[in-house]
Amino acid sequence: MIEREVKLLFSSAEDARVAVQATGARLVRARRLQDDALLDTPKGRLRRRGCALRIRVEAGQSRLTFKGPVEPGPMKVREEHETLVGEGPVTARILESLGLHVWFRYEKFREEFTLGDAIIAIDETPIGTFVEIEGSESGVTAAAEATSR
């Protein structure tokens, strides 16, 4: 699977919500907490390649995601594979037994909207509020333009 996305910085979650709602986007997933852990080898092999391996725990479900290196271009495009796993902490222990370790943890609040074939997420993170738009190239471009007006 190929992930296509852009991220737009907003001054607050309320400003982001107003901008997203002004596009006519429809709420599909309410605001919820996500707990993310990034894993890598002790020498940072994945990060050096521009890749990421993440375990995300959200609303009682856990997902394991691999993201490949970003391809050059106007939007972030990269290979992505994701699957549900039974328990995030157990999955982390299994991966740690194989020589990986959690090198970064973060929590964020996310709510998701849909506009055409794009998913628009409002992410409230410790470093700021972002609107992340994923979908087809034309869908991402159209939603980003609509959100930026």
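You'll find the structure just up there.
All figures in this text were calculated on a predicted structure; none of them were measured in a lab. (Residues numbered from 1 in each chain as written. Predicted model: local features only at pLDDT ≥ 70, side-chain atom pairs only at ≥ 80, totals over all residues. Heavy atoms only, no water.)

Visitor: What is the right way to read helix α1 (residues 13-22) from this model?
Guide: An α-helical turn contains 3.6 residues, so any two residues separated by three or four positions project in the same direction. Within α1, burial applies to Ala13, Ala16, Arg17, Ala19 and Val20. Seen end-on, α1 carries its buried residues on one side only, within an arc spanning 165°. Summarising the contacts, the buried residues of α1 are in contact with β1 (2-10), β2 (26-40), β6 (101-115), β7 (118-125), β8 (128-134) and α4 (137-147). Two residues or fewer after α1 comes Gly24, characterised by a positive phi angle close to 90°. (Buried < 20%, exposed > 50% of the residue type's maximum accessible area, 1.4 Å probe, protein only. Helix = DSSP H or I, 4+ residues; strand = E, 2+ residues; numbered from the N terminus. Arc of directions from axis to C-beta. Contact = heavy atoms within 4.5 Å.)

Visitor: Is there a simple way to explain the nonpolar core in this structure?
Guide: Buried together is how nonpolar side chains tend to be arranged in soluble globular proteins. The biggest cluster of nonpolar side chains holds 18 residues, and the ones touching the most others in it are Val20, Ile120, Val131 and Ile133. Mapped by element, the contributors of at least two residues to this core are β1, α1, β7, β8 and α4. Grouped together as the second largest cluster of nonpolar side chains are eight residues, Leu39, Leu46, Leu95 and Leu100 included. (Core = buried A, V, L, I, M, F, W, Y, C linked by side-chain atoms within 4.5 Å.)

Visitor: Sorry, what's going on with the pairing of β1 here?
Guide: Strand residues, when the strand is regular, have side chains that alternate between the two faces of the sheet. Pairing of β1 with strand β5 (residues 76-85), which is carried by four bridges, proceeds in the antiparallel orientation. Following the sheet pairing, Glu5 is matched in β5 by Lys76. As judged from the six bridges shared by β1 and β8, these two strands associate in the antiparallel manner. Following the sheet pairing, Val6 is matched in β8 by Ile133. (Pairing = 2+ DSSP bridges.)

Visitor: Help me understand α4, please; the structure alone is not making it clear to me.
Guide: Of the positions making up α4, those classed as buried are Gly139, Val140, Ala143, Ala144, Ala146 and Thr147. For α4, the buried positions fall inside an angular range of 165° around the axis, keeping them on one side. Facing away from the buried surface of α4 by more than 90 degrees, the exposed residues are Glu137 and Ser138.

Visitor: Is there a simple way to think about the packing of aromatic side chains in this case?
Guide: The geometry of two aromatic rings is summed up by the distance between their centres and the angle between their planes. Considering all chains together, one arrives at two aromatic pairs under this definition. Between Trp103 and Phe104, the aromatic rings sit 5.7 Å apart at their centres with planes inclined by 35°, giving tilted as the arrangement. Overall, Trp103 belongs to the partly exposed group, its relative accessible area being 34%. Its relative accessible area of 40% is what places Phe104 among the partly exposed residues. Centroid distance Phe104 to Tyr106: 5.6 Å. Interplanar angle 35°. Geometry classified as tilted. Here the aromatic residues Trp103, Phe104 and Tyr106 are joined through ring pairs into a cluster of three or more. Across from the ring centre of Phe109, 3.9 Å away, lies the NZ or CZ of Arg31, which sits over that ring. Over the ring of Trp103 we find Arg47; its NZ or CZ atom is 3.9 Å from the centre of that ring. (Phe/Tyr/Trp six-rings, centres within 6.5 Å; stacked < 30°, edge-to-face > 60°. Lys NZ or Arg CZ within 6 Å of the ring centre and 35° of its normal.)

Visitor: Even after reading the chapter, I still don't get a positive patch on the surface, so can you show me in this structure?
Guide: Among the surface-exposed residues, Lys43, Arg45, Arg48 and Arg49 lie close enough to one another that they form a single positively charged patch. With respect to the helices, strands and loops of the structure, Arg45 is situated in helix α2 (residues 45-48). On the accessibility criterion, Arg45 (49% relative accessible area) is partly exposed. (Patch = residues over 30% accessible without salt bridge, like charges linked within 9 Å, V, L, I, M, F, W, Y side chains within 5 Å. Areas by Shrake-Rupley, 256 points an atom, 1.4 Å probe, with all protein chains shown as cover. Salt bridge = Lys/Arg side-chain N within 4 Å of Asp/Glu carboxyl O. Lys, Arg positive; Asp, Glu negative; His and termini not counted. Charge placed at Lys NZ, Arg CZ, Asp CG, Glu CD.)

Visitor: Teacher, can you tell me more about the pattern of salt bridges here?
Guide: Any two side chains of opposite charge can pair, on the condition that their charged atoms come close. One pass over the full model with this rule turns up 20 salt bridges. Put simply, Glu80 and Lys67 hold a salt bridge, and the shortest N to O gap is 3.2 Å. A residue pair is termed long-range when its members are at least 10 positions apart, and Glu80 in strand β5 and Lys67 in strand β4 (residues 61-67) qualify at 13 residues. Each member of the pair, Glu80 as well as Lys67, is classed as buried. By sharing partners, the salt bridges in this structure join Lys7, Lys108, Arg110, Asp123 and Glu132 into a single network.

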